[in-house]
Protein chains: 2
Amino acid sequence: MKQIETIKEGKNFKAVNVGATDEVIQYELPLGPNVVIPGKVFVGQALGLTGADMSYQTLVPGQDGGFYHTHKTHEEIYIILKGKGEYQVDGQNIPIQEGSVIRVSPAGKRTIRNNGTENLTMICVQYKANSFAEGDSPMEDGVILQEELKW
Amino acid sequence: MKQIETIKEGKNFKAVNVGATDEVIQYELPLGPNVVIPGKVFVGQALGLTGADMSYQTLVPGQDGGFYHTHKTHEEIYIILKGKGEYQVDGQNIPIQEGSVIRVSPAGKRTIRNNGTENLTMICVQYKANSFAEGDSPMEDGVILQEELKW
């Protein structure tokens with residue numbers, strides 16, 4: 001079973017290495033005694049995230065998400081890294097492949113399947129829905145410093 | 001210049017296609033009249049995100065982020081998809097490659113560079129720092145439905 005490696009940590013950051021996309025299948029997410037989800041790993045705790053969580057997951061050909069789920073307060077983004085499949089929300093099927101990105105609101109009844117011939121690997125990020133104020137944006141929140149880069 | 005394609009949209013979701021990782025270099029982020037950042041695209045608006053924003057960016061060999069920046073209230077996650085380089089926070093350099101993931105707190109003075117020989121492509125996700133309550137987690141927020149999957 002693969003483990004997340006810490007690269008470096010400081011006052012304002014933490015960096016980890018999850019491994020190459022093809023290695024995600026080597027993770028196991030513990031669910032209970034002798035119960036694991038193969039090919040899935042959460043990185044939020046390892047990174048010390050304070051307003052989101054994030055997972056990598058690989059589904060092998062023919063595998064599906066196993067169940068429908070919704071959320072109480074979290075919006076999710078699914079980011080497809082590799083492979084082909086179908087994402088389903090509220091009974092609507094969406095073809096997915098490398099570069100597909102899906103936003104799902106908390107109430108959306110969702111699942112996914114790999115109906116292709118190679119492994120399907122994705123990232124899922126979740127955070128509080130509606131936590132951005134009107135006009136909240138990367139440009140308004142970011143502060144560019146007038147300081148020469150030093151490497 | 002490449003554009004984000006909409007795949008499908010419904011009450012509780014929106015799905016877009018950004019394109020393959022190698023195509024991110026074809027985007028241009030408009031900054032002002034006749035000023036663009038090549039190889040960068042934000043997807044938050046296209047997806048209708050309500051508590052985050054997200055970008056894809058490619059730096060060519062030798063290219064750096066151009067400036068240091070901090071944030072007022074957003075925590076960022078940098079997810080390296082391809083290539084090699086260095087990420088810098090508060091003067092500390094972090095080697096990065098496919099599978100590297102970095103959490104940066106709002107106050108972290110950050111930049112990045114591609115010091116490798118191939119394109120460096122990453123995703124950056126930002127959301128409100130400290131917006132998760134104590135114990136907030138995917139498991140507690142998620143609701144698994146007892147309903148058979150229909151494809």
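None of these values were measured; they are calculated from a predicted model.

Moving on: the nonpolar core. In this structure, Ile79 of chain A together with Ile79 of chain B are the most contacted members of the largest nonpolar core, which totals 66 residues. If we skip the residues at most four places from it in the chain, Ile79 of chain B touches Ile123 of chain A together with Val101, Met122 and Ile123 of chain B.

Taken residue by residue, the interface counts 74 residues in chain B and 74 residues in chain A. Taken together, the residues of the side of chain B that touches chain A break down into 35 nonpolar, 24 polar and 15 charged. Bridging between strand S14 (residues 142–145) of chain A and strand S7 (residues 68–71) of chain B involves 4 bridges; their strand directions are antiparallel. Residue pairing across strands places Leu145 of chain A opposite Tyr68 of chain B, the latter belonging to S7 of chain B.

What the 7 strands build is an open sheet, ordered S1(A)-S2(A)-S11(B)-S8(B)-S13(B)-S6(B)-S5(B); its pairing is antiparallel. A strand with exactly one partner marks an edge of an open sheet, and here the two such strands are strand S1 (5–10) of chain A together with strand S5 (40–42) of chain B. Across this sheet, the average inter-strand angle for adjacent strands is 15 degrees, counted without regard to direction. Note that strand S8 (residues 74–82) of chain B and strand S11 (residues 100–104) of chain B share 4 bridges and pair antiparallel. Looking at the pairing, Glu76 of chain B lines up with Val104 of chain B of S11 of chain B.

Between chain B and chain A, which share one sequence, the superposing operator has a rotation angle of 180 degrees and an axial displacement of 0.0 Å; the RMSD is 0.0 Å. Here the two chains are linked by the operation of a two-fold rotation axis. A share of 100% of interface residues in chain B that are also interface residues in chain A marks the association as one of identical surfaces.

This paragraph deals with the environment of Val36 of chain A. Residue and element names in this part refer to chain A. If you trace the backbone, Val36 turns up in strand S4 (residues 35–38). Classification of Val36 by C-beta neighbours within 10 Å gives partly exposed; the count is 13. In this structure, the C-alpha to C-alpha distance between Val36 and Val101, residues 65 residues apart in sequence, is 26 Å. Non-local contacts of Val36, meaning those with residues more than four positions away in its chain, are made with Glu28, Leu29, Pro30 and Leu31.

Here the focus is unusual backbone geometry. Residues and elements named next belong to chain A. If you check the backbone angles, Asn34 has positive phi at about 60 degrees while not being a glycine. Considering the arrangement of structural elements, one finds Asn34 in the loop between strand S3 (28–32) and S4. You will see that Asn130, though not glycine, has its phi angle at about 60 degrees, which is positive. In this structure, Asn130 sits in the loop between strand S13 (120–128) and helix H2 (138–141).

About the thresholds
- All residue numbers refer to positions counted from 1 along the written sequence of the respective chain.
- Each chain gets a letter, beginning with A, and each ligand a number, beginning with 1, in the order they are written.
- Two thresholds apply to this predicted model, a pLDDT of at least 70 for residue-level local features and 80 or more for giving and counting side-chain atom pairs, whereas whole-chain, interface and lining totals are computed over all residues.
- Nonpolar core, as used here: buried Ala, Val, Leu, Ile, Met, Phe, Trp, Tyr and Cys residues forming one set through C-beta atoms within 7 Å.
- Remark: C-beta atoms are placed from the backbone, and a residue is labelled buried if 20 or more other C-beta atoms sit within 10 Å of its own, exposed if 12 or fewer do, or partly exposed between those counts.
- We call two residues in contact when their backbone-placed C-beta atoms lie within 7 Å.
- Under the scheme applied, nonpolar residues are Ala, Val, Leu, Ile, Met, Phe, Trp, Tyr, Cys and Pro; charged residues are Asp, Glu, Lys and Arg; polar residues are all the others, including Gly.
- Here, a strand pair is defined by DSSP locating no fewer than two bridges between the strands.
- Numbered from the N terminus, helices here are DSSP runs of H or I no shorter than four residues, and strands are runs of E no shorter than two.
- Where helices are involved, their axes are fitted lines through C-alpha atoms of the stretch in contact, as for all axes, and angles between N-to-C directions lie from 0 to 180°.
- Superposition of the copies was done by least squares, using only C-alpha atoms of residues whose pLDDT is at least 70 in both.

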